[in-house]
Amino acid sequence: MEKNLLHKLTKICTLSITTLCILGIFIPAVAARDSFSPSFLKEGAYATYSWNREGSAGIFDPSDPQYKGLNYLDASAMNIVTYWNATITWRCININETVAKLQVTFDYIGKHLTYNVGGFKRESLDNASLQITGEIYVDLYTRAVYTTDGTLLGTTHLWLPANPAEGQNITVWDVPPDEVTLPATLNNAGFQTIQGKQDGFMIHGNGNIKGKPTNFGSSYDLDTGLMISGFEWDPIVTSIGLGWIDMDELSDTNIQLGSTDASFDWYLVLQYAILPVAIVTLAAVVIYKQRRKRN
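Trainee: I would appreciate a short explanation of the sheet that holds strand E10 (residues 178-193) in the present structure.
Mentor: Each strand in a sheet pairs with its neighbour through backbone hydrogen bonds, running either in the same direction (parallel) or in the opposite one (antiparallel). Pairing is antiparallel in the open sheet, where five strands are placed in the order E9-E10-E11-E12-E13. What marks the edges here is a single partner per strand, and that holds for strand E9 (169-175) and strand E13 (227-229). Along the sheet, successive strands turn relative to each other by an average axial angle of 40 degrees, direction set aside. Strand direction decides the pairing type here: E9 and E10, joined by six bridges, are antiparallel. Pairing of Asn-169 across the sheet is with Pro-183, part of E10.

Trainee: What should I look at first to understand empty space enclosed by the protein in this one?
Mentor: If a probe as big as a water molecule is rolled over the atoms, it shows which places are left empty. Applying the stated criterion across every chain, the model contains one cavity of 30 Å³ or more. In this structure, the largest cavity spans a volume of roughly 30 Å³. Forming the boundary of the largest cavity are His-157, Asn-215, Phe-216, Gly-217, Ser-218, Gly-230, Glu-232 and Trp-233. Here the residues of the lining of the largest cavity are counted per class, giving two nonpolar, five polar and one charged.

Trainee: It is not clear to me how the packing of aromatic side chains should be interpreted in this structure. Could you clarify?
Mentor: Two aromatic rings are characterised by how far apart their centres lie and by the angle between their planes. Summed over all chains, the structure comprises 10 aromatic pairs. Between Phe-40 and Trp-159 the ring centres are 6.3 Å apart and the planes differ by 90 degrees, which places this aromatic pair in the edge-to-face class. In this pair, Phe-40 sits in the loop between helix H1 (2-36) and strand E1 (46-51) while Trp-159 sits in the loop between strand E8 (152-155) and E9, placing the two residues 119 residues apart along the sequence. The exposure class of Trp-159 is buried, given its relative accessible area of 2%. Three or more aromatic residues joined by ring pairs form one cluster here, namely Phe-40, Trp-90 and Trp-159. One Lys or Arg, Arg-91, reaches over the ring of Tyr-46 and ends 4.6 Å from the middle of that ring. Note that Lys-121 overlies the ring of Tyr-115, its terminal NZ or CZ placed 5.0 Å from the centroid.

Trainee: Got a minute to help me understand the pattern of salt bridges in this structure?
Mentor: Pairing is possible between side chains of opposite charge, provided their charged atoms come close. A full pass over the atoms with the stated rule returns five salt bridges. Taking the shortest distance from any N to any O, the salt bridge between Lys-111 and Glu-54 comes out at 2.9 Å. With Lys-111 in strand E4 (residues 99-115) and Glu-54 in the loop between E1 and strand E2 (55-59), this residue pair connects regions lying 57 residues apart in the sequence. Taking relative accessible area as the criterion, Lys-111 reaches 28% and is therefore assigned partly exposed. On the accessibility criterion, Glu-54 (38% relative accessible area) is partly exposed. Between Lys-68 and Asp-149 there is a salt bridge whose closest N-O contact spans 3.5 Å. One end of the pair, Lys-68, is in the loop between E2 and strand E3 (79-95); the other, Asp-149, is in the loop between strand E7 (144-146) and E8, and 81 residues separate them in sequence. With relative accessibility at 52%, the residue Asp-149 sits in the exposed group.

Here is what the cut-offs are and how they apply
- Residues numbered from 1 in each chain as written.
- Predicted model: local features only at pLDDT ≥ 70, side-chain atom pairs only at ≥ 80, totals over all residues.
- Heavy atoms only, no water.
- Pairing = 2+ DSSP bridges.
- Helix = DSSP H or I, 4+ residues; strand = E, 2+ residues; numbered from the N terminus.
- Axes fitted to C-alpha atoms, helices over the stretch in contact; angles between N-to-C directions.
- 1 Å grid on protein atoms, 1.4 Å probe; cavity = no way out; pocket = protein on both sides within 12 Å on 5 of 7 lines; lining within 4 Å.
- Points joined across faces, edges and corners; volume = space filled by probe spheres on them.
- Nonpolar A, V, L, I, M, F, W, Y, C, P; charged D, E, K, R; others polar.
- Phe/Tyr/Trp six-rings, centres within 6.5 Å; stacked < 30°, edge-to-face > 60°.
- Buried < 20%, exposed > 50% of the residue type's maximum accessible area, 1.4 Å probe, protein only.
- Lys NZ or Arg CZ within 6 Å of the ring centre and 35° of its normal.
- Salt bridge = Lys/Arg side-chain N within 4 Å of Asp/Glu carboxyl O.

The quantities given are spatial measurements derived from coordinates; they are silent on function.
Next comes the structure, spelled out in structure tokens:
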């Protein structure tokens, strides 16, 4: 009986330590992978950004060869739409392990449209309520944006890896041969958001894309990596023919800011909890052996 008990305790201890070693090898890889795959991006998730005064956007026909794919980055001119109150919304309509399909919608009250392509001309839009909408695909791990026919548009920065360290370099654009990485600046005071004050970080700086200096300057929720403010341009809106856009901060979302992926948390709990379990089990074996020798 005693030998069987000792054998069981030894087996439990060995299994605990072995499991700890395995977790030590694999869990960090899972954590790193999750940090680049947004846990909040599920079917039905959406984010809306608003502009409540007069603004403007560069607008073009995405099917025009001079703007198709990455050509919009060095196009010589775009038409300009001037608008009043406007919103831009992305909504996840389908998702699998690697790719999310998003619907992108730009709603605005049109003031006028200035044609800069094919001759200057201005056309009144008579304060009509207008909408541009389309669908795109985003790779969950690289943030690469593709049209529905598979054409690459660039790397989205509407969300970034969550919980960066102070000064950590984050990739905001990765389309060979161009890669732009910028350091994260933590905002210890937090940002005021539609869900109250949230810890956040900022990305500010320039990078060269197709030989041109390109500005990045946005603020993000720390725990989700979702953009809070600083929406100026992004390949996601390029998919519907917007080269740049006047847009303020996040105004509506069903994404819980400040939340973390529950599965990721459980992995961490398991990783750190198993060590004391292994120690206690080992101690029990040692104490049992000592008492047995005394007897």
